[in-house]
Amino acid sequence: MAVKRALISVSNKEGLIPFAKQLAELGVEIISTGGTKRALEEAGVPVISISDVTGFPEILDGRVKTLHPAIHGGILAVRGDERHQAALAEHGIHPIDLVVVNLYPFQQTIAKPDVTLAEAIENIDIGGPTMVRAAAKNYADVAIVVDPADYRTVIEELKTTGSIQAKTRQKLAAKAFRHTAAYDAMIAEYLTNLAGEDYPETLTITYTKKQSLRYGENPHQSAAFYAKPLGAAFSMANAVQLHGKELSYNNINDANAAINLIREFQEPAVAAIKHMNPCGVGVGATLLEAFTKAYEADPVSIFGGIIAVNREVDRETAERMHDIFLEIVIAPSFSDEALAILTQKKNIRLLTLDFTAPNGKEKTLVSVNGGVLVQAADTYTLADAEWNVVTKREPTEKEREQLRFAWNVVKHVKSNAIVLAKNGMTVGVGAGQMNRVGAAKIAIEQAGEQAAGAVLASDAFFPMDDTVEAAAKAGITAIIQPGGSIRDADSIRKADEYGIAMVFTGVRHFKH
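How each quantity is defined
- Residues numbered from 1 in each chain as written.
- Predicted model: local features only at pLDDT ≥ 70, side-chain atom pairs only at ≥ 80, totals over all residues.
- Heavy atoms only, no water.
- 1 Å grid on protein atoms, 1.4 Å probe; cavity = no way out; pocket = protein on both sides within 12 Å on 5 of 7 lines; lining within 4 Å.
- Points joined across faces, edges and corners; volume = space filled by probe spheres on them.
- Helix = DSSP H or I, 4+ residues; strand = E, 2+ residues; numbered from the N terminus.
- Buried < 20%, exposed > 50% of the residue type's maximum accessible area, 1.4 Å probe, protein only.
- Pairing = 2+ DSSP bridges.
- Axes fitted to C-alpha atoms, helices over the stretch in contact; angles between N-to-C directions.
- Parallel < 35°, antiparallel > 145°, perpendicular 65-115°, else oblique.
- Left-handed = near helix turned anticlockwise from the far one by under 90°.
- Contact = heavy atoms within 4.5 Å.
- Nonpolar A, V, L, I, M, F, W, Y, C, P; charged D, E, K, R; others polar.
- Expected span 1.5 Å × (residues − 1).
- Polar contact = N/O pair within 3.5 Å; in protein donor to acceptor, adjacent residues only side chain to side chain.
- Phe/Tyr/Trp six-rings, centres within 6.5 Å; stacked < 30°, edge-to-face > 60°.
- Lys NZ or Arg CZ within 6 Å of the ring centre and 35° of its normal.

Enquirer: I would appreciate a short explanation of the layout of surface pockets in the present structure.
Expert: Which parts of space are left empty comes out when a probe the size of a water molecule is rolled across the atoms. Of the voids in this model, the second largest pocket is the one considered here, and its volume is about 780 Å³. Secondary-structure elements contributing two or more residues to the lining of the second largest pocket are α6 (106-111), α10 (166-195) and β6 (208-213). Counting residues per element, the lining of the second largest pocket draws most heavily on α10, which supplies six residues.

Enquirer: Honestly, the pairing of strand β9 (residues 269-274) in this entry has me stumped. Any pointers?
Expert: Put simply, side chains in a regular strand alternate between the two faces of the sheet. For β9, the tally of buried residues reaches five of six residues, placing the bulk of the element in the interior. Where β9 meets strand β10 (residues 277-283), six bridges bridge the pair, whose relative direction is antiparallel. Note that in β10 the partner of Ala-269 across the bridge is Val-283. Here β9 hands over to β10 after two residues, with His-275 in that stretch at a positive phi of 50°. Pairing of β9 with strand β11 (residues 305-309) involves four bridges; the strand directions are antiparallel. Across the sheet, Val-270 pairs through a bridge with Val-309, a residue of β11.

Enquirer: Would you mind going over the packing of helix α1 (residues 16-25) against helix α9 (residues 151-161) with me for this structure?
Expert: Think of two packed helices as two axes; the pair is described by the angle between the axes and how far apart they sit. Between α1 and α9, the shortest axis-to-axis distance is 11 Å and the interhelical angle comes to 15°. Judged by the inter-axis angle, α1 sits roughly parallel to α9. Relative to α9, α1 is oriented so that their crossing is left-handed. Of the residues in α9, those touching α1 at Leu-16, Phe-19, Gln-22 and Leu-23 are Tyr-151, Val-154, Ile-155, Leu-158 and Lys-159. Residue classes in the contact of α1 with α9 are distributed as seven nonpolar, one polar and one charged.

Enquirer: Sorry, what's going on with helix α15 (residues 397-410) here?
Expert: Helical periodicity: at 3.6 residues per turn, an α-helix aligns residues three or four positions apart in one direction. For α15, with 14 residues, the first-to-last C-alpha span of 20 Å sits near the 20 Å given by 1.5 Å per residue. Buried within α15 we find Glu-399, Arg-400, Gln-402, Leu-403, Phe-405, Ala-406, Trp-407, Asn-408, Val-409 and Val-410.

Enquirer: Honestly, the environment of Ile-31 in this entry has me stumped. Any pointers?
Expert: Tracing the backbone through its elements, the reader meets Ile-31 in strand β2 (residues 29-32). Residue classification places Ile-31 among the buried residues on the basis of a relative accessible area of 0%. Residues Ile-31 and Arg-5, spaced 26 residues apart in sequence, show a C-alpha to C-alpha distance of 7.7 Å. If near-sequence neighbours (up to four positions away) are discounted, Ile-31 is found in contact with Arg-5, Ala-6, Leu-7, Ile-8, Val-47, Ile-48, Ile-50, Val-53, Ile-71 and Ile-96.

Enquirer: Is there a simple way to think about the side chain of Arg-5 in this case?
Expert: Following the sequence through the fold, Arg-5 ends up in strand β1 (residues 5-9). Assessed through its relative accessible area of 9%, Arg-5 is described here as buried. Of the polar contacts made by the side chain of Arg-5, one reaches the side chain of Glu-29; its length is 2.7 Å. When sequence neighbours within four positions are dropped, the list of residues in contact with Arg-5 reads Val-28, Glu-29, Ile-31, Ile-48, Val-53, His-94, Pro-95, Ile-96, Asp-97 and Leu-98.

Enquirer: I tried to follow the packing of aromatic side chains on my own but got confused; where do I start?
Expert: Each aromatic ring pair is summarised here by two numbers: the centre-to-centre distance and the angle between the ring planes. As enumerated under the stated definition, the model contains six aromatic pairs in all. Aromatic side chains Phe-106 and Tyr-183 sit 6.3 Å apart centroid to centroid with 65° between the ring planes, which places their arrangement in the edge-to-face category. Placement of the pair is Phe-106 in helix α6 and Tyr-183 in helix α10, with a sequence separation of 77 residues. Each member of the pair, Phe-106 as well as Tyr-183, is classed as buried. An aromatic cluster is present here, built from Phe-106, Tyr-183 and Tyr-190 joined pairwise through their rings. Here the basic side chain of Arg-404 rests over the ring of Trp-387, its NZ or CZ set 5.1 Å away from the ring centre.

So, in structure tokens, the structure goes:
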């Protein structure tokens, strides 16, 4: 496919001038419009105005300029169809062999905090997507370029073969349809949100590839990481890696769980994650104290763990971290001394993330065979819940403090979930069990002697009083749970029997 005529109209002018100059040197006639035409003229690139091709001026403040048969006939005509060629000749239309178009900056426009609806609407491109789709549909005869990264490929093929190869045109067409689909998806999402529709009849979303991953959950599974355009700022997609190996699929998943958990705390806090569950969480007056508690909560499981902290990593904490094998440490920042210590290990991954960044109100998506489940994110906190003491004994102030801590943690543990806490640290975590008393027994066994005097948090209600019985025998003094079971009275009675203080919150935190 030889290229004799090209139409260039781009919002993103990266690499435009060198590309256009090389096209002109290859004898390609260039037609253009608006800002692109001015840029080409200023660079001394020969260019023909769209208006000269259509015989019609731009109107409606530029809203209509390329929507014309002289343009779309030249793009859509099938070169091997005699009737199409006769129609072009009859109407004096010249074929357009190369279309280089990218679209109005809608994403950048709506990203501005003070953007008005009028500004957003004006940055919905109409002519651009129409030309892109037309060229992509007719990729058998026309090449469509929407990404400056593809300029080099096009020029190299034209220089070496005199044409753009069929396989290349097919790939460019596929990218072009992805480009317009993503563009329309952002517009659809923006207007859907304005209309207040939470679950529309079709779900149209788009993500941009951030990086290829070595593999998925297991080495035999391929994987990649995609980021949501204009997604939550508090995201692993915005984390900056300072040191260490490339992140893996499991690293990103675990780190996401870690930052979501640590976001629950205002005081210095450390969360250690293994396989999407916290193995140790601690809070303290200093980061070192919080890390020490998180480590001592489960010194076995923290080996190879993912650590999230909500304060700058200082020298003292880094020295403690350096003593054990950690996969990732993610923090708001690292002191120079801490970096010097931690980077002595070649493979540890050190990342920074702005922990004050807004988390947004994104929905969570879970894929199932042939579909996707969509729900609002679980942003419910204990501050939103009712604190209802249902037992004869009220929890002490110290127990209240530990119950709040445990409740913040259990929210992030896979169901069925039980967390035991004491002195600002987890001492036992029972995760992902098929029944609640089983989760309690695991947490109690892990806690050992530390269970005595600890508090217990459950992510959902007790269907029977057996969990309270197990807690009482272990020496647990206070319990926090949602309540709501038809047998709540049995659990309350059992707690009163053992002098345990029990709080109902009225909200559960299932996490599958």
